[in-house]
Amino acid sequence: TQLLEQSPQFLSIQEGENLTVYCNSSSVFSSLQWYRQEPGEGPVLLVTVVTGGEVKKLKRLTFQFGDARKDSSLHITAAQPGDTGLYLCAGPPREYGNKLVFGAGTILRVKS
Amino acid sequence: KAGVTQTPRYLIKTRGQQVTLSCSPISGHRSVSWYQQTPGQGLQFLFEYFSETQRNKGNFPGRFSGRQFSNSRSEMNVSTLELGDSALYLCASSLIQANTEAFFGQGTRLTVV
């Protein structure tokens, strides 16, 4: 069982559509990070959310951290083919000390 | 500022052999972590090094080891390779702690045949 559950696992949408990816846990996290990874490359950090209820925007991407700091979401508005990739959430659960735990990821494919 | 550099990018080894992978972190970053990524298990934490000392360790067998040098560069070694060790091995550097923002290298794709 993954400590961080991501859903959906796979998403295939048309250019211009909106989508939301979820990252849930029963553990409390001091922060959560979102990464995007393209095939054959390492993950690239998109954002870090730290405060419960925090909302951060990065152009068409909106990230939210749950009030209880157990969940997060990534919303993409008007998706573009360049958004295609594997989206990973990650964070240090309280009981794991300094280790960063990753969700299994959401594969997003945006068709033009 | 140069990013995280991993070498080599691709490697093919035979079962039973050993392999050493290298990682140069971002200048000034003192924490280096290693991860194994496979389609079935996702990103799994191997270990973290800070100031030449292993600070955290994941649930991997003793065949997986690592070290960090005084210039923060790190190496990981896998001995007695098994087919199941085929994976993308990623190195991540952080300023101080592995649980803060991590900056990843491009990874080393290891194939064991």
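Residues numbered from 1 in each chain as written. Chains lettered and ligands numbered in written order. Predicted model: local features only at pLDDT ≥ 70, side-chain atom pairs only at ≥ 80, totals over all residues. Heavy atoms only, no water.

Student: Please give an account of the sheet that holds strand β3 (residues 19–24) of chain B that cites residues and values.
Tutor: Residue and element names in this part refer to chain B. Spatially, four strands are ordered β1-β3-β8-β7 in an open sheet, and the strand pairing comes out antiparallel. Edge strands, defined here as strands with exactly one partner in the open sheet, are β1 (5–7) and β7 (64–68). The sheet shows a mean angle of 20° between the axes of neighbouring strands, taken without regard to direction. The pairing of β1 with β3 spans three bridges and is classified as antiparallel. Within β3, the position partnered with Thr 5 by the bridge is Ser 24. (Pairing = 2+ DSSP bridges. Helix = DSSP H or I, 4+ residues; strand = E, 2+ residues; numbered from the N terminus. Axes fitted to C-alpha atoms, helices over the stretch in contact; angles between N-to-C directions.)

Student: Outline the state of the cysteines, listing residues and values.
Tutor: Residue and element names in this part refer to chain A. Under the counting rule described, the total for this entry stands at two disulfides over all chains. Each sulfur of the disulfide joining Cys 23 and Cys 89 lies 2.0 Å from the other. Since a negative S-S torsion denotes a left-handed disulfide, the Cys 23-Cys 89 link at about 75° is right-handed. Taken together, the residues Cys 23 in strand β3 (residues 19–24) and Cys 89 in strand β9 (residues 85–91) connect sequence positions 66 residues apart. Given a relative accessible area of 0%, Cys 89 falls into the buried group. (Disulfide = S-S within 2.5 Å. Buried < 20%, exposed > 50% of the residue type's maximum accessible area, 1.4 Å probe, protein only.)

Student: Describe the packing of aromatic side chains, with residues and values.
Tutor: We describe a pair of aromatic rings using the distance from one ring centre to the other and the angle between the two ring planes. Applying the stated rule across the entire model yields nine aromatic pairs over all chains. Centroid distance Trp34(A) to Phe63(A): 6.4 Å. Interplanar angle 45°. Geometry classified as tilted. Of the two residues, Trp34(A) sits in strand β4 (residues 32–37) while Phe63(A) sits in strand β7 (residues 61–65), which places them 29 residues apart along the sequence. Centre to centre, the rings of Tyr35(B) and Phe104(B) are 5.6 Å apart; their planes meet at 50°, and the pair counts as tilted. Taken together, the positions of Tyr35(B) in strand β4 (residues 31–38) and Phe104(B) in strand β10 (residues 103–104) put the pair 69 residues apart, joining distant regions of the chain. What makes Tyr35(B) buried here is its relative accessible area of 1%. These aromatic residues form a ring-pair network of at least three members: Tyr35(A), Phe102(A), Tyr35(B), Phe45(B) and Phe104(B). Over the ring of Phe50(B) we find Arg55(B); its NZ or CZ atom is 4.2 Å from the centre of that ring. (Phe/Tyr/Trp six-rings, centres within 6.5 Å; stacked < 30°, edge-to-face > 60°. Lys NZ or Arg CZ within 6 Å of the ring centre and 35° of its normal.)

Student: I'd love a proper account of the pairing of strand β8 (residues 74–78) of chain B, names of residues and values included.
Tutor: Residue and element names in this part refer to chain B. Counting buried residues in β8 gives five out of five residues, a clear majority hidden from the surface. Neither face of β8 is open: one carries Ser 74, Met 76 and Val 78, the other Glu 75 and Asn 77, and all of them are buried. Strand direction decides the pairing type here: β3 and β8, joined by five bridges, are antiparallel. Bridge pairing in β8 places Leu 21 opposite Met 76. Bridging between β7 and β8 involves five bridges; their strand directions are antiparallel. Within β8, the position partnered with Ser 65 by the bridge is Asn 77.

Student: Quick rundown of the pairing of strand β5 (residues 42–50) of chain B? Include the residues and the values.
Tutor: All names here are of chain B. Burial of β5 is extensive: eight of the nine residues sit out of reach of the surface. Bridge analysis of β4 against β5 gives eight bridges, and the strand direction is antiparallel. Each bridged residue has a counterpart across the sheet, and for Ser 33 the counterpart in β5 is Glu 48. With antiparallel pairing between neighbouring strands as the criterion, β4 and β5 make up a hairpin whose turn holds three residues. Pairing of β5 with strand β6 (residues 53–57) involves four bridges; the strand directions are antiparallel. When the bridges of β6 are listed, Phe 50 appears paired with Thr 53. As consecutive antiparallel partners, β5 and β6 are separated by two residues, and within that stretch Ser 51 has a phi angle of approximately 50°, a positive value.

Take it as geometry only, folks, not as evidence of what the structure does.
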